[in-house]
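Geometric and topological summary
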Amino acid sequence: MSSTSTCGLSAERTRLTEDQLAFLLHPLTAEALETAVAPETISLAASGDLIAIETAGRCLAVEEGRLIERIVIALARQSPDWRLLTGLKMPILPVAAELAKRNRLHEYSRLSVDPTGESRSAYHPDLVLVSSSRKSAIVVDVKRSLAGYGGSGSLAKLQKRMEAAACILPELLWRDHQRTVIETVGIAIIDASRTSLNIDDGIWGLGRLDDLLDVSGSGAAAQSAIEAFREGIKVRWRIAVASGASDTPDVTATARRPAEHEEPRRKRGRPRKDDTPSAVTVGLYRPALKRLH
């Protein structure tokens, strides 16, 4: 197995024009904008509602992550050399997990594990790319950002889970996918927030999608589509803010306009006492009695 997609024989890249790529990805961006956040939530968030702000932020993050995954899948489909598998459930067998935990990847890269063993956990890759001509496959995990994987070795644990799951992929493809034969399995984590082009750690930024998917221009097209999504959200936010401002009454104008039934102003200070003292009745208050004073 390998941590990059440079496994097997290299294939000729698929070449699409910028217009073709934009036409391919535009519907995905438009759909994401429509379903990202309800207009009512955006309006409430723009007005300062804290719960709506939290909800909108969470929904936008989820929808952008889903959009990135759909973009990668759509671009990968453009290469005739890749067969795409989605929705796979790859069991993590104890023996495979132990191999991944105790050894470096190159030390067991030629081993495969029987997938019929008992397993208490499974790994669900976002995408598996299979090339029969190269007898190779890539297990792909798509992340909007790896910022939350910094502590407690979470990223290393994810990579080990992917490696353990990849151990059973050759047997799984042979058994369940038309006797497909592969000799090399790679793992790749796509981090959409990554700006570095370095892939030595097995993490791929969008700028390296051309090399991962063998589709020229795919990296730039993916970045443009995501930027278009973010810009569309900004436009909707500005519209909601402007709409909220127009619906807000002019407080200063209201303050200057006299009320129709304005009561006369009371004079400051204590009221002037009459020279003649008035009688005051003091007693227990009872609702049936008249006012005592």
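About the thresholds
Residues numbered from 1 in each chain as written. Predicted model: local features only at pLDDT ≥ 70, side-chain atom pairs only at ≥ 80, totals over all residues. Heavy atoms only, no water. Pairing = 2+ DSSP bridges. Helix = DSSP H or I, 4+ residues; strand = E, 2+ residues; numbered from the N terminus. Contact = heavy atoms within 4.5 Å. Axes fitted to C-alpha atoms, helices over the stretch in contact; angles between N-to-C directions. Parallel < 35°, antiparallel > 145°, perpendicular 65-115°, else oblique. Left-handed = near helix turned anticlockwise from the far one by under 90°. Nonpolar A, V, L, I, M, F, W, Y, C, P; charged D, E, K, R; others polar. Core = buried A, V, L, I, M, F, W, Y, C linked by side-chain atoms within 4.5 Å. Buried < 20%, exposed > 50% of the residue type's maximum accessible area, 1.4 Å probe, protein only. Salt bridge = Lys/Arg side-chain N within 4 Å of Asp/Glu carboxyl O. Patch = residues over 30% accessible without salt bridge, like charges linked within 9 Å, V, L, I, M, F, W, Y side chains within 5 Å. Areas by Shrake-Rupley, 256 points an atom, 1.4 Å probe, with all protein chains shown as cover.

A closer look at the sheet that holds strand β8 (residues 203–204)
Pairing is mixed in the open sheet, where five strands are placed in the order β2-β5-β6-β7-β8. The open sheet is flanked by β2 (83–85) and β8, the only strands paired with a single partner. In this structure, β2 lies alongside strand β5 (residues 127–131), joined through three bridges in antiparallel fashion. Across the sheet, R83 pairs through a bridge with V130, a residue of β5. Across the sheet, helix α3 (residues 50–76) lies against β2, β5, β6 (136–143) and β7 (184–191), angled at about 10° from β5, the strand it touches most.

Observations regarding the packing of helix α2 (residues 39–46) against α3
Packing of α2 against α3 leaves a shortest axis separation of 7 Å and a crossing angle of 125°. By the angle between their directions, the pair α2 and α3 is classed as oblique. The two elements α2 and α3 cross, and the hand of that crossing is left-handed. Contact residues: T41, L44 and A45 in α2; A52, I53, T55 and A56 in α3. Taken together, the residues of the contact of α2 with α3 sort by class into five nonpolar, two polar and no charged.

Describing the packing of helix α1 (residues 18–35) against α3
The axes of two packed helices give the description: the angle between them and the distance between them. Put simply, α1 and α3 touch, their axes get as near as 10 Å, and they point 160° apart. With respect to α3, the axis of α1 lies roughly antiparallel. In terms of crossing hand, the pair formed by α1 and α3 is right-handed. For the pair α1 and α3, contact is made by L21, L24, L25, L28, T29, E31, A32 and T35 and by E63, L67, R70, I71, A74 and L75, respectively. In terms of residue class, the contact of α1 with α3 is made up of nine nonpolar, two polar and three charged.

Thoughts on the nonpolar core
Counting 43 residues, the largest nonpolar core has I71, L129 and I190 as its most contacted members. Counting residues per element, the ones that place at least two in this core are α1, α2, α3, β5, β6, β7, α7 (209–213) and α8 (218–247). For this core, the element with the most residues is α3, which contributes ten residues. Sequence-distant contacts of L129, defined by excluding residues within four places in its chain, comprise A76, W82, R83, L84, S136, A137, I138, V140, L212 and L213.

Considerations on the pairing of β6
Of all eight residues in β6, eight are buried, a share of seventy percent or more. Side-chain alternation along β6 places S136, I138, V140 and V142 on one buried face and A137, V139, D141 and K143 on a second face that is also buried. Relative to β6, β5 runs antiparallel, the two sharing five bridges. When the bridges of β6 are listed, V128 appears paired with V139. Counting the residues between successive antiparallel strands, the hairpin from β5 to β6 contains four residues, one of them, K135, with a positive phi of roughly 55°. Bridge count between β6 and β7: eight bridges; the pairing is parallel. Within the sheet, the bridge partner assigned to V142 lies in β7 and is I190.

Concerning the pattern of salt bridges
For the structure shown, the criterion picks out 16 salt bridges. The partner of D211 in a salt bridge is R208, with the nearest N and O atoms 2.7 Å apart. According to the relative accessible area criterion, D211 is partly exposed, its value standing at 27%. The closest approach of N and O atoms between E231 and R238, which form a salt bridge, is 3.8 Å. One salt-bridge network, in which partners are shared between bridges, spans R13, R208 and D211.

A few points about a nonpolar patch on the surface
Taken together, L50, I53, W237 and V241 make up a surface patch of nonpolar side chains, about 390 Å² in accessible area. Topologically, L50 is positioned in helix α3.

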